[in-house]
Amino acid sequence: MRFSTVVLGAVLLGLTACGHSRPIPTLPASHGQLSWAMDQYLNPRPHSPPVYMGVLAPRHNTAPSISVTAEEAPAIFAEATRVLAGSPTEEQVKQAHADLGAACSVADLLQACEFLREEFGPPVSYWRVVHEFPHEVFREKTLAMVVVEFIVGTNGQPRNIRLVESATEALDEATLKTVASMRFHPATLAGHPIEIHYTVKRDTVSSEMDLTPEQELAWGLTRAKAFPDSIQAWGHLARAMARDRAEAPGYEEAMSRLNTLSPEYWWSATELAWLYAKAGRHEEAAPLARMGRRKARDNAYVLETSALVAFHQGRCQEAIQEQQEAVAKLPADWPREEQERFKRTLTEYQGQCATESAPASPEASTGP
């Protein structure tokens, strides 16, 4: 039976498998669908089944946040990287990771964000005993999903195992036994082992289950209602709505809930910023746009969102620069309509910013 895993960690983790593709979206499509398609293009992953099966996103960190100012961040970054360049203890690695995260997410230090992306190595599973689902669920084409979260320790063993989404007792037990048997090469930061949250899901979806968009949306709604604290469930619902119901009132709610559960997830942060900016809620959009920019700055739709917010907040030159980067990062084989739309937006920013910055004419500045 199929056993699929989705990794959730401190940063977006890539999966390696056969069958990678670089999908080109078809239009019309929502901004959320296009930004997701761009991520798939930039980070090819295995072919997905007909049903969207989850979301790569880190769970909200419940540890006390570290307060770091922009002035303090460079020194904190230097100290963290100095510690990691030596022979740190496990606790020192953990502290360095927290410091780097704060320098990136709180103080917007680009160096820290890049260091975390480049120096993080995801855990790799090398052993498991797969406890099969009961055969009748496949024979009867039962649609079921079990999601389990745990921590992969520095010793490569799972701990703090808990069910996030359950199905039947038999399916839950089979998944929990499989997870308990798993062994990993642990995650690493600059070559040093570090513990990390990990999520495994097992499902009964087969290639024969060609669900309609309505059926997939209904399943997403059912999962989100049954398991309101599941990132996977809300990711499923948000993705289904981005594809088919982006104009529906519940789309913003799904994105908001996903962002609450995983504040550092670039996709929900970016799309919530886009929705807020389009509604004139620019102050609310700004921190979300910055988060998306930090986490996925190679995604043209992330840059487009950042540019939109900057423009409406009066940061004209920043908006122009962001939109220029967005235009440059669109792949050559991306839909022509989108290429032209990005360029038109850039031209609009350049024109309006030039008008606003032009000195007033003598006639305009002369009093009555």
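To start, this report covers the structure provided alongside it.

Reading guide: rules and limits
Residues numbered from 1 in each chain as written. Predicted model: local features only at pLDDT ≥ 70, side-chain atom pairs only at ≥ 80, totals over all residues. Heavy atoms only, no water. Salt bridge = Lys/Arg side-chain N within 4 Å of Asp/Glu carboxyl O. Helix = DSSP H or I, 4+ residues; strand = E, 2+ residues; numbered from the N terminus. Buried < 20%, exposed > 50% of the residue type's maximum accessible area, 1.4 Å probe, protein only. Axes fitted to C-alpha atoms, helices over the stretch in contact; angles between N-to-C directions. Parallel < 35°, antiparallel > 145°, perpendicular 65-115°, else oblique. Left-handed = near helix turned anticlockwise from the far one by under 90°. Contact = heavy atoms within 4.5 Å. Nonpolar A, V, L, I, M, F, W, Y, C, P; charged D, E, K, R; others polar. Pairing = 2+ DSSP bridges. Expected span 1.5 Å × (residues − 1). Arc of directions from axis to C-beta. Polar contact = N/O pair within 3.5 Å; in protein donor to acceptor, adjacent residues only side chain to side chain. Disulfide = S-S within 2.5 Å.

1. Side note on the pattern of salt bridges
Under the counting rule described, the total for this entry stands at 21 salt bridges. Of the charged contacts in the structure, one is a salt bridge between Arg 243 and Glu 216, with a shortest N-O distance of 3.0 Å. You can see Arg 243 sitting in helix H8 (residues 231-244) and its partner Glu 216 sitting in helix H7 (residues 213-226), a full 27 residues away along the chain. Residue classification places Arg 243 among the partly exposed positions, given a relative accessible area of 31%. On the basis of relative accessible area, Glu 216 is assigned to the buried category, the value being 2%. Measuring nitrogen to oxygen at the nearest pair gives 2.9 Å for the salt bridge that ties Arg 243 to Asp 244. Ionic contacts of the salt-bridge type, sharing partners, join the residues Glu 216, Arg 243 and Asp 244 into one network.

2. Focus: the packing of helix H10 (residues 266-278) against helix H11 (residues 282-295)
Two numbers describe how H10 lies on H11: the axes approach to 8 Å, and their chain directions differ by 150 degrees. Classified by the angle between their axes, H10 and H11 sit roughly antiparallel to one another. In the crossing of H10 with H11, the sense of the turn from one axis to the other is left-handed. Together, Trp 266, Ala 269, Thr 270, Leu 272, Ala 273, Tyr 276 and Ala 277 of H10 and His 282, Glu 284, Ala 285, Leu 288, Ala 289, Met 291, Gly 292 and Lys 295 of H11 make up the contact between the two elements. For the contact of H10 with H11, the per-class residue count stands at ten nonpolar, three polar and two charged.

3. Quick notes on the sheet that holds strand E7 (residues 187-189)
Pairing within the open sheet is antiparallel, and its three strands lie in the order E2-E7-E8. Whereas interior strands pair on both sides, the edge strands pair on one side only; in this sheet they are strand E2 (120-121) and strand E8 (192-194). Strands E7 and E8 of the sheet are contacted by helix H3 (residues 90-105), whose axis makes an angle of about 80 degrees with E8.

4. A short note on H7
Three- or four-residue spacings in an α-helix give side chains the same orientation, since the helix completes a turn every 3.6 residues. Between its first and last C-alpha, H7 extends 20 Å over 14 residues, near the 20 Å set by a 1.5 Å rise per residue. Burial in H7 covers these residues: Glu 216, Leu 217, Trp 219, Gly 220, Arg 223 and Ala 224. Looking straight down H7, one finds its buried side chains confined to an arc of 160 degrees; they lie on one side. Contacts from the buried residues of H7 go to strand E4 (145-152), strand E5 (158-165) and H8.

5. Describing the environment of Leu 308
Here Leu 308 is to be found in helix H12 (residues 300-312). Residue classification places Leu 308 among the buried positions, given a relative accessible area of 8%. Placed 22 residues apart in sequence, Leu 308 and Ala 286 show a C-alpha to C-alpha distance of 9.7 Å. In this structure, Leu 308 is in contact with Trp 274, Ala 277, Lys 278 and Tyr 349, ignoring residues within four places of it in sequence.

6. Points about the environment of Pro 228
By the secondary structure assignment, Pro 228 is in the loop between H7 and H8. With 30 residues separating them along the chain, Pro 228 and Leu 258 place their C-alpha atoms 9.9 Å apart. Residue contacts for Pro 228: discarding those within four places in its chain leaves Trp 234, Arg 257 and Leu 261.

7. Some remarks on the side chain of Thr 204
Among the secondary structure elements, Thr 204 is positioned in the loop between strand E9 (196-203) and H7. Owing to a relative accessible area of 1%, Thr 204 belongs among the buried residues under this scheme. Within the local environment of Thr 204, its side chain forms a polar contact with the backbone nitrogen of Ala 144, the two atoms lying 2.8 Å apart.

8. Digging into the state of the cysteines
Taken as a whole and assessed by the stated rule, the structure comprises two disulfides. The side chain of Cys 104 participates in a disulfide bridge whose partner is Cys 113; the two sulfur atoms lie 2.1 Å from each other. On the sign convention where negative means left-handed, the S-S torsion of about 100 degrees between Cys 104 and Cys 113 marks this disulfide as right-handed. With respect to burial, Cys 104 and Cys 113 carry one shared label: buried. Two residues share a disulfide in this structure: Cys 316 and Cys 353, whose sulfurs sit 2.2 Å from each other. Disulfide Cys 316 to Cys 353: torsion about the S-S bond roughly -90 degrees, handedness left-handed. Placement of Cys 316 in helix H13 (residues 316-329) and of Cys 353 in helix H14 (residues 336-357) is noted, with a sequence separation of 37 residues between them. Residue class for Cys 316 comes out buried when judged on its relative accessible area of 12%. What makes Cys 353 buried here is its relative accessible area of 3%.

Spatial relationships are all this shows, so hold off on functional conclusions.
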